[in-house]
Amino acid sequence: TSFVVSVSKVETDLGQGALVCFEDVTHLEQAGQMRRDFVANVSHELRTPLTALMGFIETLQGPAKADAAASERFLSIMMAEAQRMERLVRDLLSLSRVEAEERVRPTDKVDLKQIVESVLHSLRAVAKTSDVTLRTDMDDTPVIVPGDRDQLIQVVTNLTENAIKYGGRNGTVTLSLSTTERAPQLRGPAAILSVCDTGPGIDQIHIPRLTERFYRIDTHRSREQGGTGLGLAIVKHIVNRHRGRLRIESAPGQGAEFRVILPL
Ligand code: ADP
């Protein structure tokens, strides 16, 4: 805990006195520390692909200059590193936008069923390459919530991409959609969108930290899969902006379920 203490002289009816103020600045210190950690993380994440790029450029200017096969290989690695930087910048911009908008409530009417269908359509090919079966569990009726369409697409996309990436080969990813008269978390009617996978699951100790920026269980695996470590942080901010809740349930060996509860 941090305090700022200030002392000043005061005149009172009883004569001269001293006024001592204690101001709790713990939250300011913590915010400052978080900002410093974030800048350090971003710098590190950007520097890694940059260092690799510079290394390959040097090699291409020197030893590998005349070797066409090596040049070809290095160029494709360089492209992958540049794409990684691009993904990181894109996710940083998304995160900063949704954080800035968090206090503004979205007012458009959005059909979650349509969103699930369009995300499934755009991720079918990715799922196929990873031998993952995508299925849905929802009624024919639309589920309308007040929301921001693009942001809700991003929520469903990020959660489904993760389920495909971390759910493992030959797994099944199920997207379900339902409504309830009274969600205990919101004390009112809500839509419940759930993304379930049949992967290795997540240890309890990691669950509360998954939505922190750059928190990954296995950094190497995340990078290999093209992850930036920002996907779930973005999801959390979008869900907050919609006054919703994000619940993560998982146990090792039992798959994972990410549930988004949104007020109707
Ligand atoms: P990343 O870009 O690394 O995927 P995210 O913020 O989307 O970042 O996710 C953070 C971490 O949470 C991932 O690195 C991964 O370790 C873990 N994770 C996310 N979704 C799942 C899942 N469905 N099953 C197991 N682990 C997951």
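See the structure shown above.
Remember, it's a predicted structure, so these values are computed and weren't measured experimentally.

Undergrad: What should I look at first to understand the overall build of the chain in this one?
TA: Along the backbone of the chain there are six helices and nine strands. A compact globule built from 264 residues would reach a C-alpha radius of gyration of about 18 Å, whereas the chain, at 24 Å, exceeds it by more than 25%. The principal-axis extent of the C-alpha atoms belonging to the chain is close to 90 × 60 × 35 Å. Looking at the chain as a whole, 40% of its 264 residues qualify as buried. Considering only contacts within the chain whose residues lie at least 6 apart along the sequence, 67% involve residues at least 24 apart. Carbon and sulfur atoms make up 53% of the accessible area of the chain, which totals about 15,800 Å².

Undergrad: Help me out: how do you make sense of the pairing of strand E1 (residues 3–12) in this one?
TA: Regular strands place their side chains on alternate faces of the sheet. Pairing of E1 with strand E2 (residues 15–24) involves ten bridges; the strand directions are antiparallel. Bridge pairing in E2 links Val4 to Glu23. Hairpin remark: E1 followed by E2, antiparallel, with two residues in the connecting loop.

Undergrad: When you look at helix H6 (residues 231–241) in this model, what are you seeing that I'm missing?
TA: Each full turn of the α-helix corresponds to 3.6 residues, which orients residues three or four apart in the same direction. In terms of burial, H6 is largely enclosed, as nine of its eleven residues are buried. Residues of H6 that are buried: Gly231, Leu232, Ala233, Ile234, Val235, His237, Ile238, Val239 and Arg241. Lining the buried residues of H6 we find helix H2 (68–101), helix H4 (149–167), strand E8 (245–250) and strand E9 (256–263).

Undergrad: Explanation requested: the nonpolar core in the structure shown.
TA: Soluble globular proteins tend to bury their nonpolar side chains together. Ranked by internal contacts, the top residues of the largest apolar core, which has 49 residues, are Leu112, Leu152, Leu159, Val173, Leu193, Phe258 and Val260. Ranked by the residues each element gives to this core, the list is headed by helix H3 (residues 112–129), at seven residues. Within the second largest apolar cluster, seven residues are counted, among which are Leu53, Leu60, Phe74 and Met85.

Undergrad: Mind showing me how you'd approach the sheet that holds E9 here?
TA: Through backbone hydrogen bonds, the strands of a sheet pair up, either in parallel or in antiparallel fashion. The strand order across the open sheet formed by five strands is E4-E6-E7-E9-E8, and the pairing between neighbours is mixed. Every other strand in the sheet has two partners, leaving strand E4 (133–137) and E8 as the edge strands with one partner each. Strand-to-strand, the axes of this sheet are offset by a mean angle of 20°, without reference to chain direction. Across eight bridges, the pairing between strand E7 (residues 188–197) and E9 is antiparallel. Residue pairing in the sheet places Val195 in a bridge with Phe258 of E9. The strands touched by H4 are E4, strand E6 (172–183), E7 and E9; relative to E7, the strand with the most contacts, the crossing angle is about 30°.

Undergrad: What am I meant to see in the site of the ligand here?
TA: Contacts to the ligand come from 18 residues, most closely from Tyr166, Asp197, Ser222, Thr228 and Gly229. At 3.2 Å, a side-chain N or O of Lys165 approaches an oxygen atom of the ligand. If the ligand stood free it would expose 530 Å²; the protein chains cover 96% of that surface. Elements that contribute at least two residues to the shell around the ligand include exactly H4 and H6. With four residues, H4 is the single largest residue contributor to the shell around the ligand. For the shell around the ligand, the residue count by class is nine nonpolar, six polar and three charged.

Cut-off values and rules
Residues numbered from 1 in each chain as written. Predicted model: local features only at pLDDT ≥ 70, side-chain atom pairs only at ≥ 80, totals over all residues. Heavy atoms only, no water. Helix = DSSP H or I, 4+ residues; strand = E, 2+ residues; numbered from the N terminus. Rg over C-alpha atoms; globule rule 2.2 N^0.38 Å. Buried < 20%, exposed > 50% of the residue type's maximum accessible area, 1.4 Å probe, protein only. Contact = heavy atoms within 4.5 Å. Areas by Shrake-Rupley, 256 points an atom, 1.4 Å probe, with all protein chains shown as cover. Pairing = 2+ DSSP bridges. Core = buried A, V, L, I, M, F, W, Y, C linked by side-chain atoms within 4.5 Å. Axes fitted to C-alpha atoms, helices over the stretch in contact; angles between N-to-C directions. Near = heavy atom within 4 Å. Polar contact = N/O pair within 3.5 Å; in protein donor to acceptor, adjacent residues only side chain to side chain. Nonpolar A, V, L, I, M, F, W, Y, C, P; charged D, E, K, R; others polar.

Worth remembering: the numbers are spatial, not functional.
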